[in-house]
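Per-entry structural report
The residues making up each chain are set out below.
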Amino acid sequence: MKLLVISNGHGEDTIAVKIIKELKLIEPKIEVKALPMVGEGFAYDEANISIISPVKKMPSGGFVYMDKKQLWGDIQEGLISLTLQQYQVVKQWGKNNGKILAVGDILPLLFAWLSGGDYTFIGTAKSEYYLKNETQWLPHTNIVDRLLGSFYYPWERWLMKNSRCKAVFPRDNITTESLKSYKVKAFDLGNPMMDGIPNHTLKNNQDCHGDYLKILLLPGSRMPEALNNWQLILSAVGYLLQTSNYKFIFISAIAPSLPIKEFIKKIPSPWIFTSKTKHNTMIEDEKIVVFKTKQSKLLISQNAYNDCLHYADLAIAMAGTATEQFVGLGKSAI
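Calculation rules
- Residues numbered from 1 in each chain as written.
- Predicted model: local features only at pLDDT ≥ 70, side-chain atom pairs only at ≥ 80, totals over all residues.
- Heavy atoms only, no water.
- Patch = residues over 30% accessible without salt bridge, like charges linked within 9 Å, V, L, I, M, F, W, Y side chains within 5 Å.
- Areas by Shrake-Rupley, 256 points an atom, 1.4 Å probe, with all protein chains shown as cover.
- Salt bridge = Lys/Arg side-chain N within 4 Å of Asp/Glu carboxyl O.
- Helix = DSSP H or I, 4+ residues; strand = E, 2+ residues; numbered from the N terminus.
- Phe/Tyr/Trp six-rings, centres within 6.5 Å; stacked < 30°, edge-to-face > 60°.
- Buried < 20%, exposed > 50% of the residue type's maximum accessible area, 1.4 Å probe, protein only.
- Lys NZ or Arg CZ within 6 Å of the ring centre and 35° of its normal.
- 1 Å grid on protein atoms, 1.4 Å probe; cavity = no way out; pocket = protein on both sides within 12 Å on 5 of 7 lines; lining within 4 Å.
- Points joined across faces, edges and corners; volume = space filled by probe spheres on them.
- Pairing = 2+ DSSP bridges.
- Contact = heavy atoms within 4.5 Å.
- pLDDT = per-residue confidence, 0-100.

Another point: a nonpolar patch on the surface. Residues Ile143, Val144 and Leu147 make up a contiguous nonpolar surface patch of roughly 340 Å² in combined accessible area. With respect to the helices, strands and loops of the structure, valine 144 is situated in helix α6 (residues 143-148).

Right, dumping it as structure tokens:
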């Protein structure tokens, strides 16, 4: 069996890689290729999964967050030609009877449909919980969303109801039940973003910071947005230091695909670089970067993401998948 996995973002790529690894345990002979629509497919490269299409990091960092200026910047950098090339790859894959797994939102789902072949969709971007709970609409839900009936809009549901769409795997039960009411072949198998995270245990017992408030900083994974978010988060951190008597440990979980030096450059005074090793926490990252100021610490890690999630008490979050995962552990995010 030949499978093409289409995803659109660092978080979605990471989820797709987890699923591919599980599929290979079930069917070792499966032939898998990847098409990351946003970014350069770092997660696929790390997992030695072949990327079948051209990839390029665009100035906007991704489709979802684009305004008109960002769209024009992406077009100047070759967005249209890149998209056409990716479309041709997908179309050829469908002609050769290859199967497609779309992971993310409507973009990979649309490309899967355009292939002309059979496809499956794992919806990571949407949940009915944004609009309703198990019994009623939430007060903030606007009249348009209520009339449309679901956070998955009619055109998205149409793509899911196509005869070539063999299955849809939403993030939670109420989203699954909602899609089923529209005759979508939806299955509730849990949230793939949480696979491997709830069972993770911190190995290092040498933690000397029981009296510190541990705050996770999540700027996101798409440049340049992540760097802009980082500067805003650091402003919030500075305000906390000025107005609170708490002792803080700020843990920065930076995506491995991002240039950590750019984030370090933005760290203002009074933070002082101290070490890359001595932090006495339960985060196992030999390359961790440590800053100090007064009675607080700032840790920057790119290699112990799960440790960071479990170690923190609270998050200041401007990310997508990472925020969902942190909240999924039952912890609060701002």
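Looking at the secondary structure, you find asparagine 97 in the loop between α4 (79-95) and β3 (99-104). Each C-alpha atom, one on asparagine 97 and one on serine 115, is 9.6 Å from the other, the two residues being 18 residues apart in sequence.

In this section: the packing of aromatic side chains. All told, the structure shown has 10 aromatic pairs when counted by the stated rule. When the centroid spacing of 5.3 Å and the interplanar angle of 45° are considered together, the rings of tyrosine 153 and tryptophan 155 count as tilted. You can call tryptophan 155 partly exposed: its relative accessible area is 49%. Relative to phenylalanine 187, the ring of phenylalanine 169 has its centre 5.9 Å away and its plane inclined at 35°; by these criteria the two rings are tilted. One end of the pair, phenylalanine 169, is in strand β5 (residues 165-169); the other, phenylalanine 187, is in the loop between α8 (173-180) and β6 (213-218), and 18 residues separate them in sequence. With a relative accessible area of 24%, phenylalanine 169 lands in the partly exposed category. When its relative accessible area of 41% is taken as the criterion, phenylalanine 187 is described as partly exposed. The structure contains a cluster of three or more aromatic residues connected by ring pairs, namely Tyr130, Phe151, Tyr153 and Trp155. A cation sits over an aromatic face here: lysine 126 above tyrosine 153, 3.8 Å from the ring centre. A cation over a ring is seen here: arginine 157 above tyrosine 182, with NZ or CZ 3.8 Å from the ring centre.

Here the second largest pocket is characterised by a volume of approximately 350 Å³. With four residues, the single largest contributor to the lining of the second largest pocket is helix α1 (residues 10-26).

Another point: the pairing of strand β9 (residues 289-293). Burial analysis of β9 places four of its five residues in the buried class, the great majority of the element. For β9 and strand β10 (residues 296-301), the ladder comprises five bridges, and the chain directions are antiparallel. The partner of phenylalanine 291 across the bridge, within β10, is leucine 298. Between β9 and the antiparallel strand that follows it, β10, lie two residues; lysine 294 among them carries a positive phi value of about 50°.

Position of glutamate 128 among the secondary structure elements: in the loop between β4 (119-123) and α6. Apart from residues no more than four positions distant in its own chain, glutamate 128 is found in contact with Gly149, Ser150, Phe151, Tyr152, Ile174, Thr175 and Ser178.

In this structure the tally under the stated criterion is seven salt bridges. Between glutamate 128 and lysine 132 there is a salt bridge, and its shortest N-O distance comes to 3.3 Å. For glutamate 128, a relative accessible area of 0% corresponds to the buried category. For lysine 132, a relative accessible area of 16% translates into the label buried. Between lysine 265 and glutamate 262 there is a salt bridge whose closest N-O contact spans 3.3 Å. Of the two residues, lysine 265 and glutamate 262 are both situated in helix α10 (residues 260-265); the distance of three residues between them amounts to about one turn of the helix. Among the residues examined, lysine 265 registers a relative accessible area of 61% and is labelled exposed.

The pLDDT averaged across the chain works out to 87; a share of 88% of its residues lies at or above 70. Confidence, expressed as mean pLDDT per element, reaches its minimum in the chain at helix α3 (residues 68-76) with 59 and its maximum at β5 with 97.

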